Amino acid sequence: MTPISWFVLASTVVAVIAMSVGIIAPANAMGKAICTALESLARQPEAEKSLSRTLFIGLAMIESLAIYCLVIVLIVLFRNPLLEYLLK
């Protein structure tokens, strides 16, 4: 195999690992946030509006981490700047 083939293979493996970690970590954080919000709602049902608003903002921020990870992985897979350096 050529060095470029090895580099593409390594990039793909690293992208898969990064995407796996980048999805698992936000999923765990979302689960914990929802669990905590439900416990808070069970204890103080009158605080539903403020808890819901805060929960949705937090979930959106957590989800953005997974989207950032996806964007970086797609850049590494389809427009890798190091690959252009190897081709010169």
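In case you missed it, the structure is sitting above this.
Quick caveat: nothing in here was measured; it's all calculated off a predicted structure. (Residues numbered from 1 in each chain as written. Predicted model: local features only at pLDDT ≥ 70, side-chain atom pairs only at ≥ 80, totals over all residues. Heavy atoms only, no water.)

S.K.: Teacher, can you tell me more about the environment of F56 here?
M.R.: By the secondary structure assignment, F56 is in helix α2 (residues 48-78). For F56, a relative accessible area of 57% gives the class exposed. Separated by 32 residues in sequence, F56 and I24 place their C-alpha atoms 19 Å apart. (Helix = DSSP H or I, 4+ residues; strand = E, 2+ residues; numbered from the N terminus. Buried < 20%, exposed > 50% of the residue type's maximum accessible area, 1.4 Å probe, protein only.)

S.K.: Got a minute to help me understand the packing of helix α1 (residues 3-43) against α2 in this structure?
M.R.: Angle between the axes and distance between the axes are the two parameters that describe a pair of packed helices. Where α1 meets α2, the closest approach of the two axes is 9 Å, and the angle between their N-to-C directions is 175°. When the interaxial angle is binned, α1 and α2 end up roughly antiparallel. Of the residues contributing to the contact of α1 with α2, the split by class is 22 nonpolar, four polar and two charged. (Axes fitted to C-alpha atoms, helices over the stretch in contact; angles between N-to-C directions. Parallel < 35°, antiparallel > 145°, perpendicular 65-115°, else oblique. Nonpolar A, V, L, I, M, F, W, Y, C, P; charged D, E, K, R; others polar.)

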